[in-house]
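Coordinates in review
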Amino acid sequence: MKSHAVSLSMAACLLCILPSLAGCSRINETPLETSYVNSESSLSASEEKDNSCYIYSLLSDKEKEYYNILRDAAMNFEPLAVFPEKIEPEILRKVFVAVYYQEEDIFWLTSMFFRPTEPSDSLKLTYRFDKEEIPSMQTELDQAVEEIFSSLAENASDYEKIKVFHDRLVTGCTFSKDNKYGNTVYGALCAGYAQCEGYSFAFDYLCRKADIDCFTVMGTNPDGDAHAWNMVMLDNMWYNVDCTWDDPILDPPDKEFIRHYYFLTADSDICGITHIPDSTYFELPSCTSGINYYKREGLLAASAAEGIDMLARAAGIAAQMGRKDAAVRFADRNGYETAVSKLFDGNQVRKVMTEYNSVSDRRVLENKYIRYCNDDELIIHISMIYEDSQ
């Protein structure tokens, strides 16, 4: 860290807030060591850090140096990040964006960017919480992560791990625009509520704890509202994951409801359709694999008849697992539309409830259900209704 005096001219800075997620939208083992740096210790930018994040790898050597300095300053609640030379404002913003969205464990750093009007050798940093609050918050976060990891099978595959992470966020977190914790990993994993930024940070945080490559993607929805989701590496292929949009707003809330519409999707499924990524500073990897969640789970149907049979089998499996939802995806629109007609106009949906009741001790109604049809993803999703809930 540079020791000479720094000239502060905050009046010559412009306050910018990184794309606000207030408009963020969504569709209706062994204890881990804390990464918090307390007042008796500090990180140095010269220390080696295992930072294999995809975004970090795209930075130049100089930008990585600035990144490390800014990250370390934020870790230690410094009011300023101080650099060894003056840096162009746009480079400062690029580095700040990289740190803010890829260092989700520094959950106390705000998104407020004080843009200098000219090259500067310092950058003002602001924080959401007082430094004294962080140790107890970090302890809660560590405990939440430990609980999730302890639920994993001993030999869980990376796929099984990220599915658990996704499902835990969908069932354990509620979408909220409350700003106290909503944009943090703490909000998603401890407070129980978050905006899309918090969901994305939490999924990223869990994946990295499991040594799975993952990062947060910033962009918008088709209406131009700011939105965040993830890209995750699985079997040497990149996939999109959006935990926020897989966690619907239901009234009343239903903790048994889980969907995987946006879990392990290809770019062709969502990019430019429902999700528009921001590539201002970084060129994102391509997600081209067709081995999505539905294919992995044997729920990708080549025809309407096959899809209806799959949906019935999925209902039986759900019953055995104590759940009440079944979903299937279709390989083409014709199969999807034909299945929708046969299921809901031709009443073949009864086959799904009958299969559920054949293996479940808790019966569902065979003449009443909730259906969700995703026309973009060609997914039919049935949520059964228990008889004893009437």
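Residues numbered from 1 in each chain as written. Predicted model: local features only at pLDDT ≥ 70, side-chain atom pairs only at ≥ 80, totals over all residues. Heavy atoms only, no water.

**Topic: the pairing of strand β15 (residues 379–386)**
Each regular strand displays side chains that alternate between the two surfaces of the sheet. For β15, a buried count of 8 out of 8 residues is recorded, marking the element as mostly surrounded by other parts of the structure. Going residue by residue along β15, you find I379, H381, S383 and I385 tucked away on one face and I380, I382, M384 and Y386 tucked away on the opposite face as well. As judged from the 5 bridges shared by strand β13 (residues 325–330) and β15, these two strands associate in the antiparallel manner. Each residue of the ladder has a partner; that of A326, found in β15, is I382. In the sheet, strand β14 (residues 364–374) pairs with β15 via 7 bridges, with the strands oriented antiparallel. Its bridge partner being in β15, N374 is matched across the sheet by I379. The hairpin turn running from β14 into β15, its antiparallel successor, is 4 residues long, and L378 in that turn takes a positive phi close to 60 degrees. (Buried < 20%, exposed > 50% of the residue type's maximum accessible area, 1.4 Å probe, protein only. Helix = DSSP H or I, 4+ residues; strand = E, 2+ residues; numbered from the N terminus. Pairing = 2+ DSSP bridges.)

**Comments concerning the packing of aromatic side chains**
What characterises a pair of aromatic rings is the spacing of the ring centres plus the angle enclosed by the ring planes. Counted under the stated rule, the structure contains 27 aromatic pairs. Between Y54 and W238, the aromatic rings sit 5.5 Å apart at their centres with planes inclined by 70 degrees, giving edge-to-face as the arrangement. Here Y54 is found in helix α1 (residues 54–57), whereas its partner W238 is found in strand β9 (residues 237–241), with 184 residues between them in sequence. In this structure, Y54 and W238 share a single accessibility class: buried. Within the aromatic cluster, the residues linked to one another by ring pairs are F77, F107, W108, Y127, F129, Y181, Y186 and Y193. Sitting over the face of the ring of F114, K124 holds its NZ or CZ atom 4.5 Å from the ring centroid. Geometry around Y386 places R362 over its ring, the cationic atom sitting 3.6 Å from the centre. (Phe/Tyr/Trp six-rings, centres within 6.5 Å; stacked < 30°, edge-to-face > 60°. Lys NZ or Arg CZ within 6 Å of the ring centre and 35° of its normal.)

**Some thoughts on the nonpolar core**
Counting 120 residues, the largest nonpolar core has I162, F165, L189, F203, V232 and I380 as its most contacted members. For F203, the contacting residues outside a window of four places in its chain are I162, F165, H166, L169, C214, N230, V232, V241 and C243. (Core = buried A, V, L, I, M, F, W, Y, C linked by side-chain atoms within 4.5 Å. Contact = heavy atoms within 4.5 Å.)

**Digging into the sheet that holds β15**
Overall, mixed pairing links the 4 strands, which are arranged β12-β13-β15-β14 in an open sheet. Two strands close off the open sheet at either side, each with one partner strand: β12 (300–301) and β14. Docked against the sheet, helix α10 (residues 304–320) engages β12, β13 and β15, running at close to 155 degrees with respect to β13. Set on the sheet, helix α11 (residues 333–345) makes contact with β13, β14 and β15; between it and β15 the angle comes to about 25 degrees. (Axes fitted to C-alpha atoms, helices over the stretch in contact; angles between N-to-C directions.)

**Some points on the pattern of salt bridges**
For the coordinates displayed, the defined rule picks out 17 salt bridges. Taking the shortest distance from any N to any O, the salt bridge between K351 and D309 comes out at 2.4 Å. In this pair, K351 sits in helix α12 (residues 350–359) while D309 sits in helix α10, placing the two residues 42 residues apart along the sequence. On the basis of relative accessible area, K351 is assigned to the partly exposed category, the value being 39%. By relative accessible area, D309 is classed as partly exposed at 32%. Salt bridges here are not isolated pairs; linked through shared partners, they connect K62, E65 and E85. (Salt bridge = Lys/Arg side-chain N within 4 Å of Asp/Glu carboxyl O.)

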